[in-house]
Amino acid sequence: LKVTITEVPVPVSYGPAFEGERVRKDDVYLECGGGKTPCFELVRIAEMDDVEDGKVEVMGPDIKDVQPGDRLPLGVVVEVAGRKMQEDYEPILERQIHHLVNYAQGVMHIGQRDIAWYRIGKSAVEKGFTLEHIGKILHAKLHQDFGAIFDKCQVKIYTEEDKVKELLGVAQQMYKTRDERIEGMTDETTEIYYSCTLCQSFAPTHVCVVSPERTGLCGAYNWLDCKASYEINPTGPNQPVAKGETLDERYGNWKGVNEFVEQASRGAVSSYNFYSVVYDPMTTCGCCECIAAVLPMCNGVMTVNREYMGMTPCGMKFTTLAGTIGGGNVTPGFVGHSKYNITQRKFIVGDGGLKRLVWMPKMLKEEIRERLIKRGEEIGIPNLIDMIATEEQGVTEDEILPFLQEVGHPALEMESILG
Ligand code: SF4
Ligand code: ZN
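**Side note on the overall build of the chain**
Thinking step 1. For the chain, the count of helices and strands is eleven helices and 17 strands.
Thinking step 2. In terms of overall dimensions, the chain is globule-like: its C-alpha atoms have a radius of gyration of 21 Å, near the 22 Å expected for 419 residues.
Thinking step 3. If one aligns the C-alpha atoms of the chain with their principal axes, the spans along those axes are about 60 × 45 × 35 Å.
Thinking step 4. Expressed as a percentage of its 419 residues, the buried residues of the chain come to 58%.
Thinking step 5. Intrachain contacts of the chain at a sequence separation of at least 6 include 75% that bridge at least 24 residues.
Thinking step 6. Working note: accessible area of the chain is about 16900 Å², and carbon and sulfur atoms make up 49% of it.
Thinking step 7. With 44 positive and 62 negative side-chain charges, the chain shows a spacing of 2 Å between the two charge centroids.

Take a look at the structure:
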């Protein structure tokens, strides 16, 4: 049986018009994630018999149990079942949560995966909005937009810290498995890349072009995901892009890609490079997991992840960086990228690659430790990981330079980063 749902059963107005709306600090009733509480969202496939279509369970405190301005941990788990459903489709459905939740008036959603950030405003709560409605929205809209690939969908919402943390571990393992499926594919041997314009509602000139060795900057879409999304929805936001003639091998610049980007950005961006932060980097939107920035004095590059709240050696915190460069423009010297991309072989390879990396937050280093060590070995600098400064050495270029000199960081010996 196919379920057709057109109405979204929520007590607030609902639609794309509310997507860009912010919920300001003073207007927050409940906040989850955003680095303040553990938070994640996951779509996973389940057996037909284990899914009761439309069922939404909230396990733990809901709106009625909190005071205005409170915070809760949050895990949103969507289980879908159907004969046509495949594991490959999980990330595509999961990435929809961002805009689907944002469509609700008075509700703000930023990020994805385990860096999601929810704010439910006082105005929405006054109208009767509860956490259960997040589940109702996802059930209704996923059916409406993706009903062709699954039959049943149920949503489990967790707000108890222990349970959220436990399931967060499960989710992170799944994200890792998904990321690593792309390992082994190369840009050189792939003629078709995929676009993603899902974020244009927030950043109208932003176009991600996703190649095997450069995953989407949100971290949620790699080349395989875009390909699967195109197969499900051939007129959707992920289109095949024939890369065409190579215009610049070092920086990753292709004629076919440029033509696509120019058209998809409505003329705003006529060319960008896949492998550079210095010269015409890709456009950046507000979803990026990390932002890389050039550090001229250190002759290198730093990167900072969304969860790191402190100051960075480029003089800006993540939020300021995202606010400055996340509007969908090309900003030489700065570029958004995924965490996974740091250890992909093409990471800023035009600027010298991973050995340009001179600073990153300690938490990010720990998170990608295993792969970072492996990549260091691959490029012949097995102890690179220990040469990259963190906030422990400093948060200004002046503070970290002596450390880089002491450990003999390779960036200091490279050609000038500014050419
Ligand atoms: Fe798509 Fe890029 Fe937005 Fe991710 S950041 S959803 S890949 S446009
Ligand atoms: Zn985005």
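**What about the site of ligand 1?**
Thinking step 1. Every residue close to ligand 1 is listed here: Arg95, Cys196, Leu198, Cys199, His206, Cys208, Gly216, Leu217, Cys218, Tyr221 and Cys285.
Thinking step 2. Grouping the amino acids of the shell around ligand 1 by side-chain chemistry returns eight nonpolar, two polar and one charged.

**Looking at the sheet that holds strand E10 (residues 208-210)**
Thinking step 1. The three strands lie next to each other as E10-E9-E11, forming an open sheet whose pairing is antiparallel. Only two strands of the sheet have a single neighbouring strand rather than two, namely E10 and strand E11 (240-242). Put simply, the sheet's adjacent strands are angled 40° from each other on average, direction ignored.
Thinking step 2. Across the sheet, helix H5 (residues 223-232) is in contact with strand E9 (192-196), E10 and E11; its angle to E9 comes to roughly 75°.
Thinking step 3. Against the sheet, helix H6 (residues 255-264) engages E9, E10 and E11, with an angle of about 135° to E11.

**Some thoughts on helix H9 (residues 369-378)**
Thinking step 1. For H9, the full list of buried residues reads Arg371, Leu372, Arg375 and Gly376. Considered in projection along H9, the buried side chains sweep an arc of 140° and stay on one side of the axis.
Thinking step 2. Against helix H4 (161-180), helix H8 (362-367) and helix H10 (384-387) lie the buried residues of H9.
Thinking step 3. With its phi angle positive at about 80°, Gly380 sits one or two positions after the end of H9.

**Details of the pairing of strand E2 (residues 39-45)**
Look at any regular strand and the pattern is simple: side chains alternate between the two faces of the sheet.
Thinking step 1. In terms of residue burial, E2 counts as a mostly covered element, since five of its seven residues are buried.
Thinking step 2. For E2 and strand E5 (residues 74-81), the ladder comprises seven bridges, and the chain directions are parallel. Bridge assignment links Cys39 to a residue of E5, and that residue is Leu74.

**Concerning the packing of helix H1 (residues 90-102) against H4**
Thinking step 1. One can describe the packing of H1 onto H4 by two numbers: an axis separation of 12 Å at closest approach and a directional angle of 120°. In terms of axis orientation, H1 runs oblique to H4. In this structure, the crossing between H1 and H4 has a hand that is left-handed. Residues Glu90, Pro91 and Glu94 of H1 pack against Met174, Tyr175 and Arg178 of H4.
Thinking step 2. Residue composition of the contact of H1 with H4, grouped by class: three nonpolar, no polar and three charged.

**What about the domain arrangement of the chain?**
Thinking step 1. Assigned domains within the chain: domain 1 (16-180) and domain 2 (192-413).
Thinking step 2. Taking only C-alpha atoms into account, the centre of domain 1 sits 27 Å from that of domain 2.
Thinking step 3. Summed over both partners, the interface of domain 1 with domain 2 comes to about 2000 Å²; 62% of that surface belongs to carbon and sulfur atoms.
Thinking step 4. The largest contributions to the domain 1 side of the interface with domain 2 come from Ile92, Arg95 and Ile115, which together make up 29% of the buried area.
Thinking step 5. Summed over the shared surface of domain 1 and domain 2, the number is zero salt bridges.
Thinking step 6. Our count for the domain 1 to domain 2 interface comes out at six residue pairs in polar contact (both at pLDDT 80 or more).
Thinking step 7. Where the side of domain 1 that touches domain 2 is concerned, the elements lending two or more residues are H1 and H4.
Thinking step 8. Among the residues forming the side of domain 1 that touches domain 2, the class breakdown is seven nonpolar, eight polar and eight charged.

**Section: the sheet that holds strand E7 (residues 117-121)**
Thinking step 1. Strand order in the open sheet formed by four strands is E4-E1-E7-E6, and the pairing between neighbours is mixed. Edge strands, defined here as strands with exactly one partner in the open sheet, are strand E4 (70-71) and strand E6 (107-110).
Thinking step 2. Strands in contact with H1 are E6 and E7; relative to E6, the strand with the most contacts, it is inclined by about 155°.

**As for the nonpolar core**
Side chains that are nonpolar tend, in soluble globular proteins, to be buried together.
Thinking step 1. The biggest cluster of nonpolar side chains holds 82 residues, and the ones touching the most others in it are Val78, Tyr118, Ile120, Phe129 and Leu138.
Thinking step 2. When sequence neighbours within four positions are dropped, the list of residues in contact with Val78 reads Leu42, Val43, Arg44, Ile97, Leu138, Leu142, Cys153, Gln154 and Val155.
Thinking step 3. Core analysis: the next-biggest nonpolar cluster, separate from the first, contains 36 residues, Trp254, Val335, Phe347 and Leu357 among them.

**Focus on the coordination of the zinc ion (ligand 2)**
Thinking step 1. Donor atoms from the polypeptide that coordinate the zinc ion (ligand 2) comprise Cys199 (SG), Cys285 (SG) and Cys287 (SG), at 2.1 to 2.2 Å from the metal.
Thinking step 2. Site description for the zinc ion (ligand 2): donor spacing in sequence, C-x85-C-x1-C. With Cys199 in the loop between E9 and E10 and Cys285 in the loop between H6 and strand E14 (290-295), this pair connects stretches of sequence that are 86 residues apart.
Thinking step 3. Overall, Cys199 belongs to the buried group, its relative accessible area being 13%.

**Observations concerning the state of the cysteines**
Thinking step 1. Taken as a whole and assessed by the stated rule, the structure comprises zero disulfides.
Thinking step 2. Cys298 carries a free sulfur, and the closest cysteine sulfur to it, the one in Cys314, is 12 Å from it.

**Concerning the side chain of Lys141**
Thinking step 1. Checked against the element boundaries, Lys141 lands in helix H3 (residues 131-146).
Thinking step 2. Setting aside anything within four residues of it in sequence, one finds Lys141 in contact with Val8, Tyr14, Leu100 and Phe146.

Reading the values: the criteria
Residues numbered from 1 in each chain as written. Chains lettered and ligands numbered in written order. Predicted model: local features only at pLDDT ≥ 70, side-chain atom pairs only at ≥ 80, totals over all residues. Heavy atoms only, no water. Helix = DSSP H or I, 4+ residues; strand = E, 2+ residues; numbered from the N terminus. Rg over C-alpha atoms; globule rule 2.2 N^0.38 Å. Buried < 20%, exposed > 50% of the residue type's maximum accessible area, 1.4 Å probe, protein only. Contact = heavy atoms within 4.5 Å. Areas by Shrake-Rupley, 256 points an atom, 1.4 Å probe, with all protein chains shown as cover. Lys, Arg positive; Asp, Glu negative; His and termini not counted. Charge placed at Lys NZ, Arg CZ, Asp CG, Glu CD. Near = heavy atom within 4 Å. Nonpolar A, V, L, I, M, F, W, Y, C, P; charged D, E, K, R; others polar. Pairing = 2+ DSSP bridges. Axes fitted to C-alpha atoms, helices over the stretch in contact; angles between N-to-C directions. Arc of directions from axis to C-beta. Parallel < 35°, antiparallel > 145°, perpendicular 65-115°, else oblique. Left-handed = near helix turned anticlockwise from the far one by under 90°. Domains from an automatic or database assignment. Buried area = accessible area lost by both parts, 1.4 Å probe. Salt bridge = Lys/Arg side-chain N within 4 Å of Asp/Glu carboxyl O. Polar contact = N/O pair within 3.5 Å; in protein donor to acceptor, adjacent residues only side chain to side chain. Core = buried A, V, L, I, M, F, W, Y, C linked by side-chain atoms within 4.5 Å. Donors = N, O, S within 2.8 Å, 3.2 Å for Na, K, Ca; no water. Disulfide = S-S within 2.5 Å.

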